[in-house]
Every structure is written in structure tokens, then in C-alpha cells.
Amino acid sequence: MRIEVGQKFDFEIDREDVEDEDCDTIIATWYHDGNPIFVELYPTKSLLSELRKFFNTTSERTALISITRVSKLKYIVKPTVVVLNHRTNKLNELR
């Protein structure tokens, strides 16, 4: 998965994947409408730099982060909150 200019995605990323020197891909959990989907993220050098800066400020092993691509070389990485959706069957609610 690649992030295009103007797109914003919420991911759960492990520190181990970002710290690897030969980081070609990152296995991340993408939260789309609150539903988790496992994806392979193809980071650029500038995205890896921003992710490493983020993980240098925290001691956590995994993080829920929002990645926004502002321009060809600029990304904004910040912590986020994900609300998980649990849809229920309307018939079961009426019974």
C-alpha cells in the first residue's frame, strides 16, 4: 500500500518494523471505518525518517498513528485514536 499526496490513514505499527535497516515493507494494521485490515506498507525514506522520529519520542513497542502525506516528500505522523465498529443485527436488537 502506498500513500498518495493528500491521503490520511490510521495504522498500528510495530517499532521493530521501523527500526530495521533493510526496511522495504512494513506489516501494519490499517483501520478503515473502525475495521482492522492487515496491509503491507511501502515506506519512502522520508516516511521512514518521520516514523523513526515518532518512535524516538515514545518507549512503546507498538503505536496507533495517523499518517498524512502533505507533499511528495513531506509526511505528518502523529498519535491517533481508532474507534472500532461492532455492527449488530437489527433483528436481534428487537427481540
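All of the points below concern the structure found in this document.

The rules behind each value
- Residues numbered from 1 in each chain as written.
- Predicted model: local features only at pLDDT ≥ 70, side-chain atom pairs only at ≥ 80, totals over all residues.
- Heavy atoms only, no water.
- Helix = DSSP H or I, 4+ residues; strand = E, 2+ residues; numbered from the N terminus.
- Buried < 20%, exposed > 50% of the residue type's maximum accessible area, 1.4 Å probe, protein only.
- Contact = heavy atoms within 4.5 Å.
- Areas by Shrake-Rupley, 256 points an atom, 1.4 Å probe, with all protein chains shown as cover.
- Core = buried A, V, L, I, M, F, W, Y, C linked by side-chain atoms within 4.5 Å.

1. Some points on the overall build of the protein
Assigned secondary structure in the protein consists of three helices and five strands. Element order for the protein, N to C, with α for helix and β for strand: β-α-β-β-α-β-β-α. The proportion of buried residues among the 95 residues of the protein is 32%. Counting contacts in the protein only where the partners sit at least 6 residues apart, residues at least 24 apart contribute 54% of the total. Just so you have it, the protein exposes about 6,800 Å², and 50% of that area is on carbon and sulfur atoms.

2. Brief notes about the nonpolar core
With 21 residues, the main nonpolar core has Phe-11, Ile-13, Ile-26, Leu-51, Ile-65 and Ile-67 as its most contacted residues. Breaking this core down by element, the ones donating at least two residues are strand 1 (8–14), strand 2 (26–32), strand 3 (35–41), helix 2 (45–56), strand 4 (62–69) and strand 5 (75–79). When sequence neighbours within four positions are dropped, the list of residues in contact with Ile-13 reads Val-18, Ile-26, Ala-28, Leu-41, Leu-51, Phe-55, Arg-61, Thr-62, Ala-63, Ile-65 and Ile-67.

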